[in-house]
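Residues per chain, in single letters:
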There are 2 protein chains.
Amino acid sequence: MTFELTKEYLDQIQSAIDTGDDATLRTEMEELYPADISGILDELAPESAHYLLSLLDKTVGAEILANLDQTERTNLLKLFTSAEIAPFINQMDSDDAVDVLNQQPIQVREEVIGLLEDREQARFILDLLHYEDGVAGSLMQKELIRINVNLTVNACIEEIRQQAEDVENVYAVYVVDDVGKLLGLVSLKKIVLARKNVKIADIYDDDVVFVETYRPVAEVAEVMQKYDLDAIPVVNVQQRLLGRITIDDVVDVITEQAEEDIQVISGLSGEVEEDDSVWQRSKVQLPWLVAGAVGSLMAATVINGFQSELGKIAALAAFIPIIGSTGGNVGIQTSSLILQTLADTSGLSVSLGKRLLKTLLVALINGLVVGLIAGAYTFIIAEPRLFFVVATSLLAVVMLASFMGTVTPLLLSRIGINPAVASGPFITTANDLIGIGVYFLIAQWLLAEV
Amino acid sequence: MTFELTKEYLDQIQSAIDTGDDATLRTEMEELYPADISGILDELAPESAHYLLSLLDKTVGAEILANLDQTERTNLLKLFTSAEIAPFINQMDSDDAVDVLNQQPIQVREEVIGLLEDREQARFILDLLHYEDGVAGSLMQKELIRINVNLTVNACIEEIRQQAEDVENVYAVYVVDDVGKLLGLVSLKKIVLARKNVKIADIYDDDVVFVETYRPVAEVAEVMQKYDLDAIPVVNVQQRLLGRITIDDVVDVITEQAEEDIQVISGLSGEVEEDDSVWQRSKVQLPWLVAGAVGSLMAATVINGFQSELGKIAALAAFIPIIGSTGGNVGIQTSSLILQTLADTSGLSVSLGKRLLKTLLVALINGLVVGLIAGAYTFIIAEPRLFFVVATSLLAVVMLASFMGTVTPLLLSRIGINPAVASGPFITTANDLIGIGVYFLIAQWLLAEV
């Protein structure tokens, strides 16, 4: 029932484009949803995509453009003149229009806004352009139904009729006073059921959850999720109604945030996809690999400093991997737990002391278990003399990595860096380095009499 | 504007519970949204939460229970008799009711269903109970407005009026034929604007996206996200309308999936929160730590096998960390890219051969860069004789880890295991082990004449 893009279908579209068979293209595209056509454009070369898009109805084209992958869209729009872009922008929701224009060179942006036939849309866009990325204002759209509290349900339906084309999903009508201050809302269901001459003042719900334009996007997502909202009104500091944020935009934010977290944890220093070019992929992978290498070379220097110990007991080298990987693994586990707590702000905040105490108790158990397993291996299979060195070092490393895994993300989050970094290769390597230092120091100390 | 839970407020509520000050509790709770009260119950002991919940209106209580954290809810409901649970279940959306009942012992479940006053609700629940977790049917609610295609808008409004209390968010009215087959939908906006005697047949939209009950939840989430839907109708194989899935449930699914992925990548073998007990946390952390330790001890055995090489050149030990951590880091980066591609099924699928070729080209560049950096360190600072050993081994390890990072998640996904595991500590340790083996083999070979 949903469309699935195949190589054959794509070839068929491509050859219709190559031969200029506009009739076939129009018929084929009419059968698809805009989101499916976006998927096709993603796979076409920009020139072909330009050709196909120009054939389509502007309303459909606007939705397609809004749905396109960002890089794809930027490449595609380079082939369009400002006069070609304007009719699409005219038909977009104001939030999508601003997203698209924000990725254009300033000159194109100004030209397009000047060329818009719908002057209300131009005003909407100018209103929205100045919000910085990451705040509620940047997600908001101006399209909504607002109604003065003193009017009747009938007037409200008239307002919906007039706005019907602009406001795609209505959900609710927002109720304002004479100066535009948000008072509450009436659900569309209530409007369907109400008698037509009833006053809005008598039926509206003043229990409305709203956000200010400057609130961080993550907070908006959390509030909408917590209260199960389909749309949330956005107000200024005087609580005047400025726009609304719909759930589909918030779903996108949540998905992007999750992708970004995984990317940071995986040590990718920027957005990248598997099918990007070899150079792009390398560029995104190398920074953390090099940082990790530098950390490991510092560990190499530490190890070289203990050459005389290694000379006496060569088996010491055998435990370098378990020390390093256990430290790294514990660090990731602990910081991941903290990340989760940081993301969920609904509970009471716990003091750092209490947190650390609990984490260190967990570390004590885990350290003892892992230490004893490795100790047993050491005693039975490898080198009995190293039993205490290996077991004690592992315990120390687990405790230390747990401490670092707790403190680092909290610290990063405090200074405004994405705390997911604390689960990444850099911190893992740092734990590795510290672990090896601890191991050799303990070895030196415990084997001093050897 | 949104409620924030403080220690002081919680103490105040707790003392009102302790002194049995019901009036205060009722007044306080009336000012809050159900989701906020859920947050309070999460922090209270089950006995206190039981007391507070029993004071509240059943409709509010039902929403609160549906919002509660799962573990919290199970602990809380242990204190309730079946007769106490039933009135809450009566008021819940059918999907939430099933979620709650599914966590109860079978006896309680059966008793509660028998005690439900609303027999339609009981029928809904029995319909939904048999869907297994993870398919569309398990997310669906039975509450929706359905209308026969031969009726008028007026009849439709009457239907909405009758169902108004049961169906919280209407969004759209689903249009069916005489045997209940889904034909299309009419948006609530269209109903507000339509003349009352118009036939549904003349205004409904037959371009409706739906899912079958057996579709995986991830697919539902993707479809709803792609087509920006607020609700999606669920049908059986004969395309008869059975229920609908609303966007708020899908948002929860997306969030949980992201949390689960991060948890798996972090090497946590189950759901756990920072404030769970020390034993619970340890239980979730230990399995992968032990698996990692066992892997590292195998590496130790490998290293011990090369004692004679280590005896000749002690500096060989110094590069164990960089070999291990670089292999691990590259593996995480590569598998994370594949994970991303696996999650996004909208594009064309790429052949394994093409994928590997590209990945290995990236690995060649990255391996040369990291290899030369480490080689330079080796040559200048550590042990010139090891230049070739270190540089070649690193190149080999990066290539090998890239290969493993590409193939492992694809393989895991093919056999139905969450491919995120491929970024976890276990695979990282496996890479570590292989890397060290390669390193010492190369060392043995290149230094054979030494």
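Scope of this entry: the structure provided in the associated data block.

Reading guide: rules and limits
- Residues numbered from 1 in each chain as written.
- Chains lettered and ligands numbered in written order.
- Predicted model: local features only at pLDDT ≥ 70, side-chain atom pairs only at ≥ 80, totals over all residues.
- Heavy atoms only, no water.
- Contact = heavy atoms within 4.5 Å.
- Buried area = accessible area lost by both parts, 1.4 Å probe.
- Salt bridge = Lys/Arg side-chain N within 4 Å of Asp/Glu carboxyl O.
- Polar contact = N/O pair within 3.5 Å; in protein donor to acceptor, adjacent residues only side chain to side chain.
- Helix = DSSP H or I, 4+ residues; strand = E, 2+ residues; numbered from the N terminus.
- Nonpolar A, V, L, I, M, F, W, Y, C, P; charged D, E, K, R; others polar.
- Pairing = 2+ DSSP bridges.
- Axes fitted to C-alpha atoms, helices over the stretch in contact; angles between N-to-C directions.
- Phe/Tyr/Trp six-rings, centres within 6.5 Å; stacked < 30°, edge-to-face > 60°.
- Buried < 20%, exposed > 50% of the residue type's maximum accessible area, 1.4 Å probe, protein only.
- Least-squares fit on C-alpha atoms with pLDDT ≥ 70 in both.
- Arc of directions from axis to C-beta.

Here we come to the interface of chain B and chain A. Accessible area lost upon the coming together of the parts serves often as the stated size of an interface. The interface of chain B with chain A comprises 114 residues on the first partner and 113 residues on the second. For the chain B and chain A pair, buried surface summed over both sides reaches about 10500 Å², with 64% attributable to carbon and sulfur atoms. Where chain B packs against chain A, one counts two salt bridges. Where Asp36 of chain A meets Lys226 of chain B, a salt bridge forms, and the shortest distance between an N and an O atom there is 2.7 Å. Put simply, chain B and chain A have 34 residue pairs in polar contact (both at pLDDT 80 or more) between them. Here the side of chain B that touches chain A takes 18 residues from helix H17 (residues 278-305) of chain B, the largest share from any one element. Of the residues that constitute the side of chain B that touches chain A, the class distribution is 65 nonpolar, 28 polar and 21 charged.

What follows covers the sheet that holds strand E3 (residues 182-187) of chain A. Residues and elements named next belong to chain A. The three strands lie next to each other as E1-E2-E3, forming an open sheet whose pairing is mixed. Each edge of the open sheet is held by one strand with a lone partner, namely strand E1 (146-148) and E3. This sheet shows a mean twist of 35 degrees between the axes of neighbouring strands, independent of strand direction. Relative to E3, strand E2 (residues 172-176) runs antiparallel, the two being bridged by five bridges. Bridged to Val176 within E3 is Leu182. Each of E1 and E2 touches helix H12 (residues 153-163); the most contacted strand, E1, lies at about 150 degrees to it.

Turning our eyes to something else, we now look at the packing of aromatic side chains. All names here are of chain A. By the definition in use, this model includes 15 aromatic pairs over all chains. With a centroid separation of 5.1 Å and 20 degrees between ring planes, the pair formed by Phe306 and Phe440 is classed as stacked. Here Phe306, found in the loop between helix H17 (278-305) and helix H18 (307-312), pairs with Phe440, found in helix H22 (residues 425-446); they are 134 residues apart in sequence, far enough to count as distant. Neither residue differs from the other here; Phe306 and Phe440 are each classed as buried. Taken together, the aromatic side chains of Phe306, Tyr439 and Phe440 make up a single cluster linked through ring pairs.

The next point concerns the relation of the copies chain B and chain A. Mapping chain B onto chain A calls for a rotation angle of 180 degrees and an axial translation of 0.0 Å; the resulting RMSD is 0.1 Å. The transformation relating the two chain copies, once decomposed into turn and shift, fits a two-fold axis. When the interface residues of chain B are mapped onto chain A, 99% of them are again interface residues, pointing to one common binding face.

Residue and element names in this part refer to chain B. Residues Gln121, Ala122, Phe124, Ile125, Leu128 and Leu129 constitute the buried set of helix H10 (residues 119-129). Angular distribution of buried residues about the axis of H10 spans 160 degrees; they occupy a single face of the element. Looking at the buried positions of H10, the neighbouring elements they touch are helix H7 (82-91), helix H8 (94-102), helix H9 (106-115) and helix H11 (136-139). For H10, the capping residue at the N-terminal end is Asp118, with a side-chain oxygen 3.1 Å from the backbone nitrogen of Glu120.

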